[in-house]
Amino acid sequence: MKKIIIINGPNLNLLGKREPSIYGNTSFLEFFANLKEKYNTITLSYYQSNIEGEIINKLHEVGFAYDGIILNAAAYTHTSIAIADAVKAIQAPTIEVHISNVHSRETYRHLSYIAPNAKGVILGFGLQSYDLAIQSFL
Ligand code: DQA
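Here is a short report on the structure shown in this document. Fair warning: this is a prediction, and the values are worked out from it, not measured in the lab.

## Overview of the site of the ligand
- Taken together, Arg18, Tyr23, Asn72, Ala74, Ala75, His78, His98, Ile99, Ser100, Val102 and Arg109 make up the full set of residues near the ligand.
- With respect to the ligand, the backbone of Ala75 contributes an N or O atom lying 3.2 Å from an oxygen atom.
- Separating an oxygen atom of the ligand from a side-chain N or O atom of His98 is a distance of 2.7 Å.
- In isolation the ligand offers 320 Å² of accessible surface; the protein chains occlude 99% of this area.
- In terms of residue class, the shell around the ligand is built from 5 nonpolar, 4 polar and 2 charged.

If you want it as structure tokens, here you go:
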């Protein structure tokens, strides 16, 4: 069975409550339960942290054991050389995802330190961005 993990960064634990006009009304756990049902032939796991170092530790932990990583590093995408280095250091291919179209938002969201080290980037499709990333691994 393929092992795929979704890793969400800071403030994404507030999905459903946080700026719903941008991020929607659905909580991630609700959405994740549906994803697990839809993709029941793979092992799909989920991790969220608001702490940069914890995200790096998780990347190290899964990065040599999983078949794919779906990473929404949230605001750390635009700031963290350390997370970008971790993505480069591990073996598992990583897809960068974003719920919103970061290119239609503030200019400080246009830069991604992670994208050059990612297998691909999917953004702007709401929560469906995660679904599309899973499909790309199948
Ligand atoms: C986000 C976009 C980031 O710019 C922002 O900081 C987030 C969420 C997205 O999924 O659209 O927290 O990664």
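## A closer look at the pattern of salt bridges
- Tallying each qualifying case throughout the model produces 5 salt bridges.
- A salt bridge links Lys38 to Asp131; its shortest N-O distance comes to 2.8 Å. Residue Lys38 is located in helix H2 (residues 28-38), and its partner Asp131 is located in helix H5 (residues 128-137); the two are separated by 93 residues in the primary sequence.
- Exposure remark for Asp131: the relative accessible area of 9% places this residue in the buried category.
- Measuring nitrogen to oxygen at the nearest pair gives 3.2 Å for the salt bridge that ties Lys58 to Glu61. Of this pair, Lys58 and Glu61 both sit in helix H3 (residues 52-62), 3 residues apart, which is roughly one turn of the helix.

## Re a nonpolar patch on the surface
- Where nonpolar side chains cluster on the molecular surface, the patch consists of Ile81, Leu111 and Tyr113 and spans about 270 Å² of accessible area.
- For Ile81, the location among the structural elements is in helix H4 (residues 81-89).

## So, the nonpolar core
- Core analysis: the biggest nonpolar cluster contains 23 residues, and Phe28, Leu35, Ile70 and Tyr130 have the highest contact counts within it.
- Taken together, the elements giving at least two residues each to this core come down to strand E1 (3-8), H2, strand E4 (94-98) and H5.
- Ignoring sequence-local partners within four residues, the contact set of Phe28 consists of Ile6, Asn8, Leu15, Tyr46, Leu127 and Tyr130.
- Grouped together as the second largest cluster of nonpolar side chains are 18 residues, Ile5, Ile55, Ala73 and Ile114 included.

## What to know about unusual backbone geometry
- Non-glycine residue Asn11 carries a positive phi angle of around 75 degrees.
- Assessed through its relative accessible area of 37%, Asn11 is described here as partly exposed.

## What about the pairing of strand E3 (residues 68-72)?
- The element E3 is extensively covered by neighbouring structure, given that 5 of its 5 residues are classed as buried.
- Bridge analysis of E1 against E3 gives 5 bridges, and the strand direction is parallel. By the bridge assignment for E3, Ile7 is matched with Leu71.
- The sheet contact formed by E3 and E4 spans 3 bridges and is parallel. Of the residues in E4, the one forming a bridge with Leu71 is Glu96.
- Assessed by its sense of winding, the connection that carries the chain from E3 through H4 to E4 is right-handed.

Cut-offs applied
Residues numbered from 1 in each chain as written. Predicted model: local features only at pLDDT ≥ 70, side-chain atom pairs only at ≥ 80, totals over all residues. Heavy atoms only, no water. Near = heavy atom within 4 Å. Polar contact = N/O pair within 3.5 Å; in protein donor to acceptor, adjacent residues only side chain to side chain. Areas by Shrake-Rupley, 256 points an atom, 1.4 Å probe, with all protein chains shown as cover. Nonpolar A, V, L, I, M, F, W, Y, C, P; charged D, E, K, R; others polar. Salt bridge = Lys/Arg side-chain N within 4 Å of Asp/Glu carboxyl O. Helix = DSSP H or I, 4+ residues; strand = E, 2+ residues; numbered from the N terminus. Buried < 20%, exposed > 50% of the residue type's maximum accessible area, 1.4 Å probe, protein only. Patch = residues over 30% accessible without salt bridge, like charges linked within 9 Å, V, L, I, M, F, W, Y side chains within 5 Å. Core = buried A, V, L, I, M, F, W, Y, C linked by side-chain atoms within 4.5 Å. Contact = heavy atoms within 4.5 Å. Pairing = 2+ DSSP bridges. Right-handed = clockwise from strand over helix to strand, strands pointing away.

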